[in-house]
Amino acid sequence: MKLKFYFVAIFLLLFFSYCANMLPPSGGEKDIDPPFLINTEKNKDNTFVFTFNEYIQLNKWVDNFYLSPPVKNTIKKKIRGNKLILSIEDSLNPKLTYNINLNNCIKDFTEGNIIKKLNYLFSETEQIDTLALSGCLKESYTLDSLSGYWVLLYPKDIADSLIFKTTPMYITKTDENGLFDFPNIKNMKYQIYSLSGFDFLYNTGESIGFYNQIIDASIDSFISLNSFSIKTDTAKIDTAKIDTGININDSIVEESLIKGNLYLKINSNTSCVFQLIDKKEVAYSFSFSEPPYILKDIRPGEYTLKYINDENNNGEWDTGNFENRIQPEKTINYHNNITIRSNWDLELDWNINEL
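Here is a short report on the structure shown in this document.

Cut-off values and rules
- Residues numbered from 1 in each chain as written.
- Predicted model: local features only at pLDDT ≥ 70, side-chain atom pairs only at ≥ 80, totals over all residues.
- Heavy atoms only, no water.
- Helix = DSSP H or I, 4+ residues; strand = E, 2+ residues; numbered from the N terminus.
- Buried < 20%, exposed > 50% of the residue type's maximum accessible area, 1.4 Å probe, protein only.
- Contact = heavy atoms within 4.5 Å.
- Pairing = 2+ DSSP bridges.
- Axes fitted to C-alpha atoms, helices over the stretch in contact; angles between N-to-C directions.
- Phe/Tyr/Trp six-rings, centres within 6.5 Å; stacked < 30°, edge-to-face > 60°.
- Lys NZ or Arg CZ within 6 Å of the ring centre and 35° of its normal.

**Regarding the overall build of the protein**
When you go through the protein residue by residue, the secondary structure sums to three helices and 25 strands. Across the 355 residues that make up the protein, the buried fraction comes to 40%. Counting contacts in the protein only where the partners sit at least 6 residues apart, residues at least 24 apart contribute 66% of the total.

So this is what it looks like as structure tokens:
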């Protein structure tokens, strides 16, 4: 009887010990570090093996991955544990340096920590082009940073009629802050464009940006681009409808308010428009051909102040025109919100130094 009891006790001890060992360990700090690259191998058949310090998975690959200069065929990819394997089946130009962009393409397998910055430069020869061009892309009216937009470089002598009908020489995409970077370009002169679409073709209604001057890679290092769409008419305001009050039903309250005035001194004498924006809507618009710049009868509240360089003196903001190589009219936002108080005159000195 005792012998049977011993067998039962040993069995239960082993069983609970096995179950205890199957439980995941508790405690410890959560992994917040993304994977890091420990080795890259390039084979003769243009197969690349990227080895990381831990198991990996893809992250929004279609949105983030690209090869610059671009190739015709789709680049094949495979994940094997902690390795990313890429296969390029196109013939590569031995005179060019290529950039494999893996920014935001890879994350770890367990916690999903994303590698924000990762790219790899290679050439079919020992010569690597390391000239770089960077810049920023903003929406032309709001001046918001634009992420996920294509930025394209073409040789300087390409005809306007062939732009977007010819594969660009180099490509890149803007990051979450609207910044872009070409780390591998040749010492040449270029034209630069931006597009909001998923390909390199310009479609009606798509946002586009371009630079009026030719870029010299040996001199230019940073380019600012403004993107616009010909459908962007949000800033064209019927001035007759401005300053009618918050709501028709609130007209009595509006009439009872004692309004304030804004006196502006700026270091420019060109035709301009000043807009006061409340909750992203234009509340007031004032057009001037010359000083003094006095914005009268503004209801009390907090506003964003916008300056528009009114080049054609038509009293409103005008978007650009790609076919005629016309840039959108330049805008500048005052660096702080302004507060208008009842029966109070506010004076501001504003250095318009971005033009």
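**Side note on the sheet that holds strand E2 (residues 47-52)**
Overall, antiparallel pairing links the four strands, which are arranged E1-E2-E6-E5 in an open sheet. At either margin of the open sheet sits one strand with a lone partner, and together these are strand E1 (37-42) and strand E5 (76-80). Pairs of neighbouring strands in the sheet enclose a mean axial angle of 15°, with direction left out of account. Direction of pairing for E1 relative to E2: antiparallel, over a ladder of five bridges. Among the inter-strand pairings, Lys42 is bridged to a residue of E2, identified as Phe48.

**Here we look at the packing of aromatic side chains**
Counted by the stated rule, this structure contains 28 aromatic pairs. Measuring from ring centre to ring centre gives 5.6 Å for Tyr202 and Phe322, while their planes differ by 75°; the resulting arrangement is edge-to-face. You can see Tyr202 sitting in the loop between strand E14 (189-195) and strand E15 (208-210) and its partner Phe322 sitting in the loop between strand E22 (301-309) and strand E23 (331-333), a full 120 residues away along the chain. Residue Tyr202 is classed as partly exposed on the basis of its relative accessible area of 22%. Relative to Trp350, the ring of Tyr307 has its centre 6.2 Å away and its plane inclined at 75°; by these criteria the two rings are edge-to-face. Highlighted residues: Tyr307 in strand E22 and Trp350 in strand E25 (residues 345-350), separated in sequence by 43 residues. Judged by its relative accessible area of 0%, Tyr307 falls in the buried class. Each residue in the set Tyr154, Phe164, Tyr193, Tyr202, Phe210, Phe228 and Phe322 is aromatic and connected to the rest through ring pairs, giving one cluster. Its guanidinium or amino end placed over the ring of Trp150, Lys173 lies 4.6 Å from that ring's centre, counting from NZ or CZ. Looking at Lys306, its charged tip hangs above the ring of Tyr141, at a distance of 4.5 Å from the centre.

**Some remarks on unusual backbone geometry**
Here the bond from Ser68 into Pro69 is cis, since omega is 0°, no more than 30 degrees from zero. The peptide bond linking Pro291 to Pro292 adopts the cis configuration, its omega dihedral lying at 5°. Tracing the backbone through its elements, the reader meets Pro292 in the loop between strand E20 (281-288) and strand E21 (293-298). Despite not being glycine, Lys60 has its phi angle at roughly 45°, a positive value. Structurally, Lys60 can be placed in the loop between strand E3 (56-58) and helix H2 (61-64). For Lys60, a relative accessible area of 58% puts it in the exposed group. Residues other than glycine seldom take positive phi values, yet Asn343 does so here, at roughly 55°. Inspection of the secondary structure puts Asn343 in the loop between strand E24 (338-340) and E25. Asn343 sits in the exposed class, given a relative accessible area of 59%.

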